[in-house]
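Structure at a glance
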Number of protein chains: 2
Amino acid sequence: MILTFDREKTIIRTLLQKLGASGEEANATAEVLAEGDLRGFASHGLLRLPYILRALKRGTIAVKAEVKVVRETPATGLINGGHGLGHYVVTRAMRLAIEKAKQQGVAAVGVYNSNHFGIAGYYAELAMREGLIGIVTTTTDALVHPWGGVEPLLGTNALAIGLPTEPPVLLDMAMSVAARGKLVKAMKEGKPIPENWAIDSGGKPTTDPAKGLEGALSPFGGPKGYALAFVLELLAGPLVHAAAGKEVKGTLEPVEGFCTKGDFMIAIDPKAFVAQEEFRARAREFIEQVKSSQKVPGVGEIMVPGEPEQKTRERRLREGIPISDEVWIELEQIAKELGVDLKSM
Amino acid sequence: MILTFDREKTIIRTLLQKLGASGEEANATAEVLAEGDLRGFASHGLLRLPYILRALKRGTIAVKAEVKVVRETPATGLINGGHGLGHYVVTRAMRLAIEKAKQQGVAAVGVYNSNHFGIAGYYAELAMREGLIGIVTTTTDALVHPWGGVEPLLGTNALAIGLPTEPPVLLDMAMSVAARGKLVKAMKEGKPIPENWAIDSGGKPTTDPAKGLEGALSPFGGPKGYALAFVLELLAGPLVHAAAGKEVKGTLEPVEGFCTKGDFMIAIDPKAFVAQEEFRARAREFIEQVKSSQKVPGVGEIMVPGEPEQKTRERRLREGIPISDEVWIELEQIAKELGVDLKSM
C-alpha cells in the first residue's frame with residue numbers, strides 16, 4: 001500500500017479519536033508517526049499504531065491525559081505525562097523547553113509517566129523551527145548488552161541533536177548497531193544478519209536473527225557506544241523520576257501497569273552565545289567543506305547528519321509512503337472493529 | 001621515569017611559572033595534566049607540557065590571561081579566554097556553569113580564544129563534585145574523515161558526560177576509534193595498526209600507521225560516530241564564536257596566530273528534577289544490575305563508564321605514574337634551559 005502523508009495522518013487521527021483521544025493528542029501522534037514513515041524510520045511510523053491502539057484499549061495509554069509540570073525553575077521543568085500518548089506529551093514538553101530557552105538561553109525538561117514517542121528527531125526539529133538547538137533522549141525496554149556482558153540491560157536510547165543551520169543538521173540515532181525491527185524482519189524473511197548486530201544468549205556474536213532476539217542487541221561502536229547508552233539511560237531515567245535498565249517496561253508492547261520509561265531534552269538558543277548570522281555563516285562554511293571534500297572511490301555524495309532522511313522525506317512527499325502489507329492488513333482489521341473503513345479515507 | 005602525582009604537579013607548576021604563568025594558571029594546568037596521566041590518558045598528560053611551553057615562549061598561549069564573560073544570561077555565558085592556558089580557562093568556565101546551574105537548574109557556557117584543555121572528563125568531574133551533572137565537549141584540529149570522505153575535516157572532539165552517582169559514572173571519549181598519539185606510537189615502534197583506525201590518503205583502510213597519519217583517523221562506530229563528531233563540531237565551534245573543520249588550528253602544535261578551537265559545556269542540577277536520594281538510589285540500582293549481570297565467557301568484570309580509568313588512577317596514586325623516557329628527556333632539556341633542575345624537585 002502507498003499512502004500520501006496526509007492520508008496516513010488522517011487514518012491515524014481517526015483511529016485514535018475513535019478510541020477517545022483528544023484532537024490535540026491525535027494530531028500530535030499522527031504528525032510524529034507519519035514524519036517517521038516519511039523519513040524511512042518504518043519502525044517508528046504506522047507500524048506502531050496497532051500497538052498504540054492495543055494499549056489505549058487496555059488503558060495502559062491514557063486518553064485526554066493530564067500533562068502536569070510538577071517541578072519547575074525558569075530554565076527547567078519536570079513533567080508528569082499522565083500516561084498519555086508519548087508524541088503528545090513530549091511535543092508539549094519540548095514546547096516548554098523552547099519557551100524557557102527563549103527566555104534563559106538554555107532549558108532542560110524531563111518527562112515521566114509517558115509512552116513511546118516515535119522519532120526523537122521530530123522534537124529536536126520543533127526547536128530547530130524556532131531557531132534553537134534541540135537535544136532529545138529517551139529510554140526503551142532493555143535490549144542492548146553492556147560491553148563484556150550478555151544480558152540485555154540498556155535501552156536502544158535514541159539520541160537526537162538538531163541545529164538550526166542552513167541546511168539543517170539533525171543527528172537522530174539509536175545506541176544499537178541496528179534496530180530490533182531489522183532483526184524481526186530478517187527472521188521473517190529467513191535471512192542472516194551481519195555479525196556485529198547482536199549476540200546470542202551465550203554472549204557470542206550471531207548471524208541468526210532468532211538467536212539475536214533471544215540474546216541482546218550490540219551497542220554501536222563497541223565500548224564507546226555502550227558508555228553513551230549508559231549515560232543516556234541515567235539522564236532519561238533516574239534523573240527524571242523514571243526507571244532504568246530492566247525496570248523500563250512498556251515501550252515495545254503494553255504491559256501490566258503503565259510504561260515506566262523517561263525522556264530528557266535540552267533546548268539552546270544560539271543567540272545567547274553568538275549573532276545568528278555568524279552562527280549560520282560559520283556552520284554553512286563547515287557543511288560546505290564537508291560536502292565538497294574528496295570522496296572515497298565509489299561514494300556518490302558525502303551526507304551531513306539528517307540529509308539521507310531529508311532526501312527520503314522529499315521523495316516520499318512526492319511519491320507517497322510505502323506501507324507493508326502486513327501492517328496494512330492488521331490496520332484494516334483494527335479499523336473494521338472500530339467501524340472505520342480505511343478505503344473511504 | 002616514575003613520578004608521584006605530587007611531583008608531576010610540582011614540575012608542571014614550576015616550569016609554567018618560570019615562563020610567567022600565574023599561580024592559578026599553573027595550578028589548574030598541573031592539576032588537569034597530572035589527572036590525565038593518573039587515569040592513563042598519556043596523550044593528555046605530561047606529554048603535552050613541552051608543546052605548551054613552546055607555545056608560551058612563542059606567545060601563542062598567553063600568560064596572566066584576561067578571561068572575560070562577554071555575553072551572559074542567568075543560565076548561559078560566553079567566555080573569551082584571552083588565549084590563556086586551556087586548563088585554566090575551562091576550569092573557570094565550568095565553575096561559572098556550576099554556579100549558574102545551582103541557581104537555574106541548568107546552565108550552558110561556551111569558550112573561545114582558548115587552548116587545548118587536557119582531558120574533558122576533568123571538567124565534568126568539577127560539576128560532579130558539586131553534585132551536578134557535567135557535559136563537556138571541545139574541538140581539535142581536523143583529524144577525522146567524514147563518512148564516505150577521505151580528507152580529515154572533523155576534530156577528534158572529545159565528549160565527557162559525568163553524573164554524580166555512587167559510584168560515579170563518567171564517559172570521556174574522543175570521536176575517533178583511536179587517538180592520533182597511538183598511531184604515532186605504533187609508527188615509532190614499527191608496529192601495524194588495526195584496520196579500523198585510519199584510512200590512507202586514497203580513502204582505503206590501512207594498517208600502516210604512517211599512511212594513516214598522512215590520511216585521516218576514522219570515526220568510531222561508522223556513520224553514527226561521524227554524525228556525533230559533526231554535531232559536536234558545531235556546538236563547540238560556530239555556536240561559541242570559534243572555528244570549525246579545517247579552520248580549527250593550534251590544538252596539536254603552536255601555529256601562526258592563536259588557537260581557534262572552542263569548547264562548550266552544560267551543567268545540570270539533578271535536584272531541579274528529583275530528590276537527590278531518589279536519583280542516587282535508582283542510579284545505583286541500575287549500576288548494580290549491570291555490574292552483577294552475566295559476563296561474556298573470558299570477561300572478568302563489566303565496567304561502568306569511567307571505572308577502568310578510576311582503577312588506573314587508584315593504582316597510580318599508590319605506585320606512581322610511568323613517564324616515557326622520550327618525554328622525560330625532552331622535559332629535562334627544556335627545564336635546563338629554564339634553569340630548573342628536575343632532579344631536585
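Residues numbered from 1 in each chain as written. Chains lettered and ligands numbered in written order. Predicted model: local features only at pLDDT ≥ 70, side-chain atom pairs only at ≥ 80, totals over all residues. Heavy atoms only, no water.

On to helix α2 (residues 23-38) of chain A, then. Residue and element names in this part refer to chain A. If you check α2, its first and last C-alpha atoms are 22 Å apart, about what 16 residues at 1.5 Å a residue would give, namely 22 Å. A large share of α2 lies buried, amounting to twelve of its 16 residues. Listing the buried residues of α2 in full gives Glu25, Ala26, Ala28, Thr29, Ala30, Val32, Leu33, Ala34, Glu35, Gly36, Asp37 and Leu38. Packed against the buried residues of α2 are α1 (5-18), α3 (49-58), α4 (86-104), α5 (120-129), α10 (307-319) and β11 (321-322). Phi turns positive, to about 95°, at Gly40, one or two residues after α2. (Helix = DSSP H or I, 4+ residues; strand = E, 2+ residues; numbered from the N terminus. Expected span 1.5 Å × (residues − 1). Buried < 20%, exposed > 50% of the residue type's maximum accessible area, 1.4 Å probe, protein only. Contact = heavy atoms within 4.5 Å.)

Further remarks concern the pairing of strand β10 (residues 263-268) of chain A. Residue and element names in this part refer to chain A. Within β10, six of the six residues are buried, which leaves it mostly tucked inside the rest of the structure. Burial along β10 is two-sided: Asp263, Met265 and Ala267 and Phe264, Ile266 and Ile268, pointing in opposite directions, are all buried. By the bridge criterion, six bridges tie strand β4 (residues 106-112) to β10 in an arrangement that is antiparallel. Among the inter-strand pairings, Val111 is bridged to a residue of β10, identified as Asp263. Sheet topology note: the strand β5 (residues 133-138)/β10 ladder contains six bridges and is antiparallel. For Ile133, the partnering residue across the bridge sits in β10 and is Ile268. (Pairing = 2+ DSSP bridges.)

What follows deals with the side chain of Asn157(B). Residues and elements named next belong to chain B. Structurally, Asn157 can be placed in the loop between β5 (133-138) and β6 (159-163). Within the structure, the side chain of Asn157 is placed 2.9 Å from the side chain of Glu233, a separation counted as a polar contact. Setting aside anything within four residues of it in sequence, one finds Asn157 in contact with Thr137, Thr138, Thr139, Thr140, Met173, Met175, Ala229, Leu232 and Glu233. (Polar contact = N/O pair within 3.5 Å; in protein donor to acceptor, adjacent residues only side chain to side chain.)

Residues and elements named next belong to chain A. Examined at the domain level, chain A breaks down into domain 1 (2-58 + 309-344) and domain 2 (69-176 + 219-272). Here domain 1 and domain 2 have C-alpha centroids that lie 22 Å from each other. Facing the 21 residues of domain 1 at the interface are 21 residues of domain 2. Note on domain 1 versus domain 2: buried area summed over both sides is about 1,800 Å², and carbon and sulfur give 62% of it. When the buried surface of domain 1 facing domain 2 is broken down by residue, Val32, Arg39 and Tyr51 rank first, second and third, together holding 30% of it. Here domain 1 and domain 2 share three salt bridges between them. In this structure, the connection of domain 1 to domain 2 is made through five residue pairs in polar contact (both at pLDDT 80 or more). Elements supplying a minimum of two residues to the side of domain 1 that touches domain 2: α2 and α3. It is α2 that contributes the most residues to the side of domain 1 that touches domain 2, nine residues altogether. Class assignment of the residues belonging to the side of domain 1 that touches domain 2 gives a composition of nine nonpolar, four polar and eight charged. (Domains from an automatic or database assignment. Buried area = accessible area lost by both parts, 1.4 Å probe. Salt bridge = Lys/Arg side-chain N within 4 Å of Asp/Glu carboxyl O. Nonpolar A, V, L, I, M, F, W, Y, C, P; charged D, E, K, R; others polar.)

Another point: empty space enclosed by the protein. Throughout the structure, instances matching the rule amount to four cavities of 30 Å³ or more. In this model, the largest cavity occupies a volume close to 260 Å³. Together, 19 residues line the largest cavity, and Ile135(A), Ile161(A), Ile135(B), Leu159(B) and Ile161(B) are the ones closest to its centre. At the level of secondary structure, the elements contributing two or more residues to the lining of the largest cavity comprise β5, β6 (159-163), α8 (223-235) and β10 of chain A together with β5, β6, α8 (223-235) and β10 (263-268) of chain B. A class-by-class count of the residues in the lining of the largest cavity yields 17 nonpolar, two polar and no charged. (1 Å grid on protein atoms, 1.4 Å probe; cavity = no way out; pocket = protein on both sides within 12 Å on 5 of 7 lines; lining within 4 Å. Points joined across faces, edges and corners; volume = space filled by probe spheres on them.)

Residues and elements named next belong to chain B. Look at helix α2 (residues 23-38) against helix α10 (residues 307-319): their axes get within 8 Å of each other, and the N-to-C directions meet at 105°. Taken together, the axes of α2 and α10 lie roughly perpendicular to each other. Residue-level contacts link Glu35, Asp37 and Leu38 of α2 to Thr312, Arg313, Arg316 and Leu317 of α10. Among the residues making up the contact of α2 with α10, the classes are represented as two nonpolar, one polar and four charged. (Axes fitted to C-alpha atoms, helices over the stretch in contact; angles between N-to-C directions. Parallel < 35°, antiparallel > 145°, perpendicular 65-115°, else oblique.)

All names here are of chain A. Judged by pairing direction, the sheet is mixed, and its seven strands sit side by side in the order β2-β3-β4-β10-β5-β6-β7 without closing on themselves. Bordering the open sheet on either side are β2 (68-73) and β7 (169-173), each of which pairs with just one other strand. Neighbour-to-neighbour, the strand axes of the sheet open up by a mean angle of 10°, direction not taken into account. The pairing of β6 with β7 spans five bridges and is classified as antiparallel. Residue Ile161 lies in a different strand from β7, and its bridge partner there is Leu171.

Here the focus is the relation of the copies chain A and chain B. Both copies of the chain are placed relative to one another by a rotation about an axis and a shift along it. Turning chain A through 180° and shifting it by 0.0 Å along the axis lays it on chain B, with an RMSD of 0.0 Å. Expressed as an axis order, the relation between the two copies is that of a two-fold axis. The rotation axis passes nearest to the C-alpha of Gly221(A) in chain A, at a distance of 1.8 Å. Of all interface residues in chain A, 100% are interface residues in chain B too; the two copies therefore contact each other through one and the same surface. (Least-squares fit on C-alpha atoms with pLDDT ≥ 70 in both.)

Residues and elements named next belong to chain A. The first and last C-alpha atoms of α8 sit 19 Å apart over 13 residues, in line with the 18 Å expected at 1.5 Å per residue. With twelve of 13 residues buried, α8 lies mostly within the body of the structure. Residues of α8 that are buried: Lys224, Gly225, Tyr226, Ala227, Leu228, Ala229, Phe230, Val231, Leu232, Glu233, Leu234 and Leu235.

Below, the discussion takes up the nonpolar core. Grouped together as the largest cluster of nonpolar side chains are 106 residues, with contacts concentrated most on Leu228(A), Phe230(A), Phe264(A), Leu228(B), Phe230(B) and Phe264(B). Once you skip the residues sitting within four places of it in the chain, Phe230(A) turns out to touch Leu154(A), Val169(B), Phe286(B), Ile287(B), Val290(B), Val304(B) and Pro305(B). (Core = buried A, V, L, I, M, F, W, Y, C linked by side-chain atoms within 4.5 Å.)

Here we take up the confidence of the model for chain A. The share of residues in chain A with pLDDT of 70 or more is 100%, and the mean pLDDT across the chain is 97. Scored as a whole, the predicted complex attains pTM 0.98, and scored at its interfaces, ipTM 0.98. (pLDDT = per-residue confidence, 0-100.)

All names here are of chain B. If you trace the seven strands from one edge of the open sheet to the other, you get β2-β3-β4-β10-β5-β6-β7, paired in mixed fashion. The open sheet is flanked by β2 (68-73) and β7 (169-173), the only strands paired with a single partner. Geometrically, the sheet is characterised by an average inter-axis angle of 10° between neighbouring strands, direction not taken into account.

Another point: the packing of α1(A) against α3(A). Residue and element names in this part refer to chain A. Their axes nearest at 10 Å, the elements α1 and α3 cross at an angle of 10°. By the angle between their directions, the pair α1 and α3 is classed as roughly parallel. The two elements α1 and α3 cross, and the hand of that crossing is right-handed. Between α1 and α3, the residues in contact are Ile12, Leu15 and Leu16 and Leu49, Ile52, Leu53 and Leu56, respectively. Of the residues assigned to the contact of α1 with α3, the class counts are seven nonpolar, no polar and no charged. (Left-handed = near helix turned anticlockwise from the far one by under 90°.)

Bringing unusual backbone geometry into the picture now. Of all residues except glycine, most have a negative phi; of all peptide bonds, most are trans. All names here are of chain A. Look at the link from Glu166 to Pro167: it is a cis peptide, with omega at -5°. Within the secondary structure layout, Pro167 lies in the loop between β6 and β7. Here the phi dihedral of Lys64 falls at roughly 45°; this positive angle occurs in a residue that is not glycine. Note on placement: Lys64 falls in the loop between α3 and β2.

Bringing the packing of aromatic side chains into the picture now. Residues and elements named next belong to chain B. Summed over all chains, the structure comprises eleven aromatic pairs over all chains. Between Tyr122 and Tyr123 the ring centres are 5.2 Å apart and the planes differ by 80°, which places this aromatic pair in the edge-to-face class. You can call Tyr122 buried: its relative accessible area is 5%. Of the residues examined, Tyr123 reaches a relative accessible area of 0% and is grouped as buried. For the ring pair Tyr226 and Phe230, a centre distance of 5.9 Å and an interplane angle of 85° mean the geometry is edge-to-face. In this pair, Tyr226 and Phe230 both sit in helix α8, four residues apart, roughly one turn of the helix. (Phe/Tyr/Trp six-rings, centres within 6.5 Å; stacked < 30°, edge-to-face > 60°.)

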